[in-house]
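Letter by letter, the chains look like this.
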Amino acid sequence: MFLRLAHQHRQFVQDLVMNLQALAIVLERRGYPASCYTCGDQMNSASFMVSLGNNHLIRFLVSDYGITWTEMRDDRELMKLEGAEAINQLQELANLVKQPTPVCSGNKALAKRS
């Protein structure tokens, strides 16, 4: 049972890393400075960052050790979430990308819980 769970967790992290890479590409095409760096070719961890303008920065880290969402403005941490809450916040960012309006106009929604 535990080996199966470990395999599922690795697959989950790899899927999340691939989605972060795709999100970074979409954001870059929309004019937002974004990056997604992975360690090695196993895709078992990633560091995703995007600047939404006005010194508003999102950092999302994923690895076997955990998942973290950090939102900063003017070098101050507005919000830090982990696990499922971090993924939910990432989904909000992805939903904003789907909208025809720029992400910058919706950044208040991202910081609403701070």
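Presented here is a report on the structure given in the accompanying data block. Keep in mind the model is a prediction, meaning the values are calculated, not measured.

Considering the packing of helix H1 (residues 2–29) against helix H2 (residues 83–98)
Helix packing for two helices is described by the angle between their axes and how far apart those axes are. At a minimum axis distance of 11 Å, the contact between H1 and H2 shows a crossing angle of 35°. Handedness of the crossing formed by H1 with H2: left-handed. Residues Phe12, Leu16, Leu20, Leu23, Val26 and Leu27 of H1 lie in contact with H2, whose contacting residues are Ile87, Leu90, Leu93, Ala94 and Val97.

Here we look at the sheet that holds strand S4 (residues 66–73)
The five strands lie next to each other as S1-S2-S3-S4-S5, forming an open sheet whose pairing is antiparallel. At either margin of the open sheet sits one strand with a lone partner, and together these are strand S1 (34–38) and strand S5 (76–82). Along the sheet, successive strands turn relative to each other by an average axial angle of 10°, direction set aside. Relative to S4, strand S3 (residues 56–63) runs antiparallel, the two sharing eight bridges. Within the sheet, the bridge partner assigned to Leu57 lies in S4 and is Met72. Seen against the sheet, H1 touches S1, strand S2 (46–53), S3 and S4 and runs at an angle of roughly 150° to S1.

Some thoughts on the environment of Thr38
On the secondary structure map, Thr38 appears in strand S1. The sequence separation of Thr38 and Gln21 amounts to 17 residues, and the corresponding C-alpha distance is 9.0 Å. What Thr38 contacts, discounting residues up to four positions off in sequence, is Val17, Gln21, Ser45 and Ala46.

Here's the deal with the pairing of S4
Consecutive residues of a regular strand have side chains that alternate between opposite faces of the sheet. Taking burial as the measure, the eight residues of S4 include six buried ones, the bulk of the element. Across six bridges, S4 lies against S5 in antiparallel orientation. Its bridge partner being in S5, Met72 is matched across the sheet by Glu77. Between the end of S4 and the start of S5, which pair antiparallel, lie two residues, with Asp74 showing a positive phi angle near 50°.

Conventions and cut-offs
- Residues numbered from 1 in each chain as written.
- Predicted model: local features only at pLDDT ≥ 70, side-chain atom pairs only at ≥ 80, totals over all residues.
- Heavy atoms only, no water.
- Axes fitted to C-alpha atoms, helices over the stretch in contact; angles between N-to-C directions.
- Helix = DSSP H or I, 4+ residues; strand = E, 2+ residues; numbered from the N terminus.
- Left-handed = near helix turned anticlockwise from the far one by under 90°.
- Contact = heavy atoms within 4.5 Å.
- Pairing = 2+ DSSP bridges.
- Buried < 20%, exposed > 50% of the residue type's maximum accessible area, 1.4 Å probe, protein only.

Treat this as a map of the structure, not an account of what it does.
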